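# Observations on the model geometry
These are the residues of each chain, in order.
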Amino acid sequence: MNRMQPTKLMITLGVMLPLSLLVSLAVGPELILPFWQSAEAQTVSNQLIIQQIRLPRTLMAAIIGAALAVSGVMMQGLFRNPLADPSLIGVSSGASAGASFVIVMGAGLFGVHELLGVSFVAMGAFLGATVATWLVYRLAATATGTSVATMLLAGIAISALAGALNSFFSFIADNHMLRQISLWQMGSLSNASWGRVVFAVFLLGGLLCWFPRYSKALNAFLLGESEARHLGIDVDRIKLQVIVLVALVVGIAVALTGTIAFVGLVTPHIVRLLIGPDHRGLIPCSALAGAILLMLADACSRFVLAPGELPIGVVTAVLGAPFFLSLLRRQRAATGGL
Amino acid sequence: MLHLQNIHLNYATDKSRLTPILQSVDLHVEGGQVVVVLGPNGAGKSSLLKVACGEVTPQSGEVHFNRRLLSSLSAAEKALHMAVLPQNSLLNFPFTAEEVVMLGRTPHDTGLVLDQDIVAQALHSTDVHYLRQQAYTNLSGGEKQRVQLARVLAQVWQSEDDWQRLVVLDEPTSALDYSHQQMVARLLRERAAEGCGVLTAMHDLNLAAHCADQLVLMCCGQIRAVGTPDEVLQEALLKEVFQVEFHRVTHPETGRPWLLC
């Protein structure tokens, strides 16, 4: 097996992280290079662009990318399925339904106020995500523990139900609301403000720090649930904790920026191809890689259609899907299997 | 060390009808002993092993492990002294063979140096050391089975306190060729000589006769006979349980019974 040492990859990614941050700060409708001599007025406006627009947005991309990638790692480990993704347990579709509900019904009910820099749409999304996850978990929980297979099926059913609710809200929405709903579903980092960034960094950062302690348990999980139990892992407790943590993290991420596809699925895959499936390296490396990928994707989204911008979800899907397919093909050619 | 007393196990198919899986089963395994469970398909071998390792809780009866009630032990406590190999494994992530065996050391806090030493010994013992850098997902069925066996053995490789150790193996030779079946038989004797108790289910009567201290012959959820290979492998008894005519001879080298059919 030609594998990279996890520490080596971590150092590489650690170097790439500030570089991608700089790239993301520089790229946009206005190309701003450090040490670039220009007229006085230009410098002031550039400073404003960096400080008020690009820096909060780039930091938001980094923390959301890390959160989505690590959530993907946790779900893939828990479900012992390299194609699992947080959307499997209904988080994303629940959030979408919650957001649509607030967009369509909310203006009449609550007005368009914000609380702590977080809009009601975000709160609706978070509530939707929580309710969907809770339902899926309740459906799969039995007296003898949680069946992962039942949970997958329950996730599909609840996602379908949330999808139907979503369609219903789109159906009764007017044109303006409809546009808002579809933009929200494509995901966007454009409304990142300093308030939201601080909120995200503290909350998501704090939750993410909690994840590496599950690496040993998740490694054992990959062997199978009863094997993990025989290796001394308290399977049911770990499962409940991981599901709650992932639902929280993804719920918050989706609430802040909408659904951003493929980061949670592709990032762990790439990292696993490089260093193998050991979660002790996989979790921190995926966090760094997810942050880098989403920052670069965001830079792309501002650059391609400048001065307009592409929704970030479109960029991650357009870049992620072919990359993922080529990885799959390469891997199949190399190993003849998974 | 492991004592099962008067175990009754039913799987409730619906409310009115209970399907009995195990009926008044008693079983004793001591340290240093190889106990092999035999019986036709559906006789309850796997269920018996699942009760013995605490994976299934019987409706009535008690399981004691090292003089403690098995159900009162936490998963972590149990894992330090009991390792279990299920019939088939589902691992589909590309760990290397060595990493898989290293997972067997998960319950222990013995430090990397000792763990690596034990893993290397376990890899050699099941003849998979040359595969240690290969991805588990690319191995053949028999190779996977030997890697999993090495993992289970590594978990209870050496004694760490005054508790006795036990390995529970559900058909560890089902995918192995003749030479590796012989290797497993030798290996089980070796582990028993180190003081570890071994409880395993097998289909090959001759292999069982070759490595067992005690045979447990099961039929329809009940234990039909318990004893040394010489006592249990009687032609009449085997015909009754397996519905097949056997002819028994004595192996010229081991002196153990050998069955032809």
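Bear in mind that the values here come from a model prediction, so they are computed numbers and not experimental data.

### Considering the overall build of chain B
A count of helical and extended segments in chain B gives nine helices and 12 strands. For a compact globule of 261 residues, the expected C-alpha radius of gyration is about 18 Å, and chain B comes in at 18 Å, within 12% of that figure. In chain B, which comprises 261 residues, the proportion classed as buried is 51%. The long-range share in chain B, meaning contacts at least 24 apart out of those at least 6 apart in sequence, stands at 66%. Taken as a whole, chain B presents about 11,500 Å² of accessible surface, with 48% of it coming from carbon and sulfur. Computing the positive centroid from 20 side-chain charges and the negative centroid from 29, chain B places the two 4 Å apart.

### Observations regarding the pairing of strand β3 (residues 34-38) of chain B
All names here are of chain B. Here β3 lies mainly inside the structure; five of its five residues are buried. With burial as the criterion, each face of β3 is covered, one bearing Val-34, Val-36 and Leu-38 and the other bearing Val-35 and Val-37. Here β3 runs beside strand β8 (residues 197-201); their pairing, made up of four bridges, is parallel. Across the sheet, residue Val-35 finds its bridge partner in β8, namely Leu-199.

### Looking at the sheet that holds β8 of chain B
All names here are of chain B. With mixed pairing, the six strands of this open sheet are ordered in space as β6-β7-β8-β3-β9-β10. Every other strand in the sheet has two partners, leaving β6 (82-85) and β10 (222-227) as the edge strands with one partner each. Along the sheet, successive strands turn relative to each other by an average axial angle of 15 degrees, direction set aside. Together, β9 (214-219) and β10 form the strand contacts of helix α9 (residues 235-242), whose direction differs from that of β9 by roughly 40 degrees.

### A look at the pattern of salt bridges
Residue and element names in this part refer to chain A. Tallied over the full model, the rule gives 17 salt bridges over all chains. Between Glu-225 and Arg-80 there is a salt bridge, and its shortest N-O distance comes to 3.9 Å. Of the two residues, Glu-225 is situated in helix α9 (residues 225-230) and Arg-80 in the loop between α2 (40-78) and α3 (91-110); the sequence distance between them amounts to 145 residues. Residues Glu-225 and Arg-80 agree in their burial class; the two are buried. Between Asp-298 and Arg-302 there is a salt bridge, with the nearest N and O atoms lying 3.2 Å from each other. Here the residue Asp-298 and the residue Arg-302 both occupy positions in helix α12 (residues 279-303), the gap between them amounting to four residues, near one helical turn.

### Considerations on the packing of helix α1 (residues 6-26) of chain A against α12 of chain A
Residues and elements named next belong to chain A. At a closest axis distance of 9 Å, the pairing of α1 and α12 adopts a crossing angle of 20 degrees. Here α1 is positioned roughly parallel relative to α12, judged by the angle of their axes. Considering how the two elements wind past one another, α1 and α12 form a crossing that is left-handed. Here α1 contributes Pro-6, Leu-9, Met-10, Leu-13, Gly-14, Met-16, Leu-17, Ser-20, Leu-21, Val-23 and Ser-24 to the contact with α12, which in turn contributes Gly-281, Pro-284, Cys-285, Leu-288, Ala-289, Ala-291, Ile-292, Met-295, Leu-296, Asp-298, Ala-299 and Arg-302.

### Digging into the packing of helix α11 (residues 263-275) of chain A against α12 of chain A
All names here are of chain A. In the contact formed by α11 and α12, the axes pass within 9 Å of each other and the chain directions differ by 125 degrees. The angle between α11 and α12 places the two elements in the oblique class. When the axes of α11 and α12 are compared, the crossing they make is right-handed. Across the interface between the two elements, Val-263, Thr-267, Pro-268, Ile-270, Val-271, Arg-272 and Ile-275 from α11 touch Gly-281, Leu-282, Cys-285, Ser-286, Ala-289, Gly-290, Leu-293 and Leu-294 from α12. Residue composition of the contact of α11 with α12, grouped by class: 10 nonpolar, four polar and one charged.

### Quick notes on the interface of chain B and chain A
Across the boundary between the two partners, chain B contributes 32 residues, which contact 23 residues of chain A. Between chain B and chain A, a total of about 2,300 Å² is buried, with carbon and sulfur atoms accounting for 64% of that surface. For the pair chain B and chain A, the number of links is one salt bridge. Its salt-bridge partner being Glu-99 of chain B, residue Arg-3 of chain A comes within 3.0 Å of it at the nearest N-O pair. The interface formed by chain B and chain A includes five residue pairs in polar contact (both at pLDDT 80 or more). Contributing elements (two or more residues each) for the side of chain B that touches chain A: α2 (75-79), β6, α3 (97-103) and α5 (141-155) of chain B. Take the side of chain B that touches chain A: its biggest share by element is four residues, from α2 of chain B.

### With respect to the nonpolar core
In terms of nonpolar packing, the biggest core is built from 146 residues, with Ile-64 and Phe-211 of chain A touching the most fellow members. Filtering out sequence-adjacent residues up to four positions away, Ile-64 of chain A remains in contact with Leu-204, Ala-253, Leu-256, Thr-257, Ile-260 and Leu-294 of chain A. Counting 31 residues, the second largest nonpolar core, distinct from the first, contains Val-35, Val-63, Leu-70 and Met-218 of chain B.

### Quick word on the UniProt feature "transmembrane region" (unreviewed entry) in chain A
When the UniProt feature table is mapped onto this chain numbering, "transmembrane region" (unreviewed entry) sits at residues 57-75, 87-110, 116-137, 149-173, 193-211, 242-266 and 310-328 of chain A. Taken end to end, residues 310-328 of chain A has its terminal C-alpha atoms 27 Å apart, with 89% of it in helix and 0% in strand.

### Description of the confidence of the model for chain B
Residue-level pLDDT values for chain B average 90, and 97% of them are 70 or greater. This complex was scored by the predictor with a pTM of 0.87 and an ipTM of 0.91.

### Focus on the pairing of strand β4 (residues 60-65) of chain B
All names here are of chain B. Of the pairings in the sheet, the one linking β4 to strand β5 (residues 68-69) comprises two bridges and is antiparallel in character. Bridge pairing in β5 links Phe-65 to Arg-68. Here β4 folds back onto β5 in antiparallel fashion, the turn holding two residues, of which Asn-66 has a positive phi close to 50 degrees.

### Examining the packing of aromatic side chains
According to the stated counting rule, one finds four aromatic pairs over all chains in the structure shown. Judged by centre distance (6.2 Å) and plane angle (75 degrees), the ring pair of Phe-242 of chain B and Phe-246 of chain B falls under edge-to-face. Among the aromatic residues, ring-to-ring pairing joins Phe-101, Phe-168 and Phe-169 of chain A into one connected group. The cationic tip of Arg-213 of chain A hangs over the ring face of Trp-210 of chain A; the distance from NZ or CZ to the ring centre is 3.9 Å.

Each value, and the rule that gives it
- Residues numbered from 1 in each chain as written.
- Chains lettered and ligands numbered in written order.
- Predicted model: local features only at pLDDT ≥ 70, side-chain atom pairs only at ≥ 80, totals over all residues.
- Heavy atoms only, no water.
- Helix = DSSP H or I, 4+ residues; strand = E, 2+ residues; numbered from the N terminus.
- Rg over C-alpha atoms; globule rule 2.2 N^0.38 Å.
- Buried < 20%, exposed > 50% of the residue type's maximum accessible area, 1.4 Å probe, protein only.
- Contact = heavy atoms within 4.5 Å.
- Areas by Shrake-Rupley, 256 points an atom, 1.4 Å probe, with all protein chains shown as cover.
- Lys, Arg positive; Asp, Glu negative; His and termini not counted.
- Charge placed at Lys NZ, Arg CZ, Asp CG, Glu CD.
- Pairing = 2+ DSSP bridges.
- Axes fitted to C-alpha atoms, helices over the stretch in contact; angles between N-to-C directions.
- Salt bridge = Lys/Arg side-chain N within 4 Å of Asp/Glu carboxyl O.
- Parallel < 35°, antiparallel > 145°, perpendicular 65-115°, else oblique.
- Left-handed = near helix turned anticlockwise from the far one by under 90°.
- Nonpolar A, V, L, I, M, F, W, Y, C, P; charged D, E, K, R; others polar.
- Buried area = accessible area lost by both parts, 1.4 Å probe.
- Polar contact = N/O pair within 3.5 Å; in protein donor to acceptor, adjacent residues only side chain to side chain.
- Core = buried A, V, L, I, M, F, W, Y, C linked by side-chain atoms within 4.5 Å.
- UniProt positions renumbered as here; feature names shortened; annotations may be inferred.
- pLDDT = per-residue confidence, 0-100.
- Phe/Tyr/Trp six-rings, centres within 6.5 Å; stacked < 30°, edge-to-face > 60°.
- Lys NZ or Arg CZ within 6 Å of the ring centre and 35° of its normal.

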